[in-house]
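Okay, here's what each chain looks like letter by letter:
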Amino acid sequence: FTPKCLAGQKVLITAGPTFEAIDPVRGITNHSSGKMGFAIARAAQEAGAQVTLVAGPVHLHTPRGVQRLNVQSAQEMLHAVTQQAPAASVFIATAAVADWRPAHSAQQKIKKDGSGEVPMLSFVENPDILATVAQSERAQASDLFCVGFAAESHDLLQHATAKRVRKGVPLLVGNIGPATFGRDDNALLLVDAAGHRELPHASKRELAQQLVVEIAQRLPLHSKR
Ligand code: C5P
């Protein structure tokens with residue numbers, strides 16, 4: 001682990017799931033634990049970066065020295081990220097953002113009226129936070145290095161390669177293996193313009209430390225120093 005390889009960098013990270021309200025007591029979410037994102041936040045902070053972590057609803061302690069902003073929905077996450085991104089030099093999107101949200105969130109709890117009728121939900125698409133940031137002027141000018149994640153059930157390399165181009169990011173990280181949700185270990189596939197390489201099975205803590213080094217090596221400023 002290269003000490004302080006991110007010194008002077010400002011790293012913005014999204015982590016966890018989002019929660020999309022149906023009414024004040026119900027909503028739609030997913031099983032993301034946030035562990036990978038929190039591990040990266042900790043590793044980046046230990047590598048000397050100033051770290052801001054935008055977290056969806058998760059049960060995890062904030063890593064020491066990390067600024068944490070809690071959000072619920074994808075729209076709130078986008079808002080927080082949009083506010084923080086202009087100050088960042090690295091953006092790492094690990095959050096499992098809900099693809100859709102209910103088109104209408106009821107102000108009051110939807111009541112079961114005994115008639116057996118069920119509510120009909122319709123959905124609208126959520127903003128793509130990573131793609132939005134990756135299209136920003138600073139990202140396009142390589143002042144903001146963007147990293148995306150991918151969780152795929154099959155053909156990871158193919159999907160991760162396509163996703164990197166589609167999202168417009170220099171580095172896309174694939175979760176190798178099925179359902180890493182909630183686990184403390186993982187293996188990662190790194191895909192960039194030059195090709196791909198694997199970070200073999202290890203704890204998320206170790207993988208986060210390795211990923212931080214990989215990111216540091218790819219930073220334009222870093223290579224010029
Ligand atoms: O398209 P997909 O959800 O598979 O892309 C995953 C990557 O994009 C992750 O880095 C995730 O954090 C990010 N993402 C996002 N906003 C969305 C959907 C995904 O930032 N609405």
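Cut-offs used in this document
Here the residue index of a chain counts from 1 through its sequence in written order. Per-residue local features are limited, in this predicted model, to residues with pLDDT of at least 70; the limit for side-chain atom pairs, both in listing and counting, is 80 or more; totals at the level of whole chains, interfaces and linings are taken over all residues. Calculated side-chain values reflect all of the structure's heavy atoms, with hydrogen atoms and water omitted. Every axis in this analysis is a line fitted to C-alpha atoms, fitted for helices over the stretch in contact. Angles between the N-to-C directions lie between 0 and 180 degrees. Helix and strand definitions here come from DSSP, where helices need a minimum of 4 consecutive H or I residues and strands a minimum of 2 consecutive E residues; each element is numbered from the N-terminal end. Between 65 and 115 degrees an angle is taken as roughly perpendicular, under 35 as roughly parallel, over 145 as roughly antiparallel, and anywhere else as oblique. By definition, any crossing whose near helix is turned counterclockwise from its far helix by less than a right angle is left-handed, and any crossing with a clockwise turn is right-handed. Residue contacts are counted whenever heavy atoms from the two residues lie within 4.5 Å of one another. Polar here means any residue outside two lists: the nonpolar Ala, Val, Leu, Ile, Met, Phe, Trp, Tyr, Cys and Pro, and the charged Asp, Glu, Lys and Arg; Gly therefore counts as polar. Here the term buried applies to any residue with accessible area under 20% of the maximum for its type, exposed to any over 50%, and partly exposed to those in between, with areas from a 1.4 Å probe on protein chains only. In what follows, a disulfide is any cysteine sulfur pair within 2.5 Å. Strand pairing requires that DSSP identify at least two bridges connecting the strands.

Q: Lay out the packing of helix H1 (residues 35-46) against helix H6 (residues 204-218) with the relevant residues and their values.
A: H6 packs onto H1 with a crossing angle of 55° between their chain directions and a minimal axis gap of 8 Å. Of the possible angle classes, the one that applies to H1 and H6 is oblique. Here H1 and H6 pass one another in a crossing that is right-handed. On H6, the residues touching Lys 35, Met 36, Ala 39, Ile 40, Arg 42, Ala 43, Ala 44 and Glu 46 of H1 are Lys 204, Arg 205, Leu 207, Ala 208, Gln 209, Leu 211 and Val 212. In terms of residue class, the contact of H1 with H6 is built from nine nonpolar, one polar and five charged.

Q: Could you give an account of the environment of Ala 39, with specific residues and numbers?
A: Inspection of the secondary structure assignment puts Ala 39 in helix H1. Expressed as a C-alpha distance, the spacing of Ala 39 and Ala 208, which sit 169 residues apart in the sequence, is 5.8 Å.

Q: Can you break down unusual backbone geometry residue by residue, with the values?
A: The phi dihedral of Ser 142 is positive, around 65°, even though this residue is not glycine. For Ser 142, a relative accessible area of 44% gives the class partly exposed. Its identity as a non-glycine residue notwithstanding, Asp 155 has a phi of 50°, on the positive side. Topologically, Asp 155 is positioned in the loop between strand E9 (145-151) and helix H5 (156-167).

Q: Which residues make up the state of the cysteines, and what values do they have?
A: Here is the idea: a disulfide is a covalent bond, and it sits between the sulfur atoms of two cysteines. Inspection of every chain in the model, using the stated rule, returns zero disulfides. No disulfide involves Cys 5; its nearest neighbouring cysteine sulfur is the one of Cys 146, lying 18 Å away. Taking relative accessible area as the criterion, Cys 146 reaches 1% and is therefore assigned buried.

Q: I'd like a rundown of the sheet that holds strand E6 (residues 90-93), residues and numbers included.
A: The strand order E5-E4-E1-E6-E9-E10-E11-E12 describes an open sheet built from eight strands, whose pairing is mixed. The sheet terminates laterally at strand E5 (67-70) and strand E12 (195-203), the two strands that pair on one side only. With strand direction ignored, the average angle separating the axes of adjacent strands in the sheet is 20°. Contacts from H1 reach strand E1 (10-15), strand E4 (50-55), E5, E6, E9 and strand E11 (185-192) within the one sheet, and its direction differs from that of E4 by about 165°.

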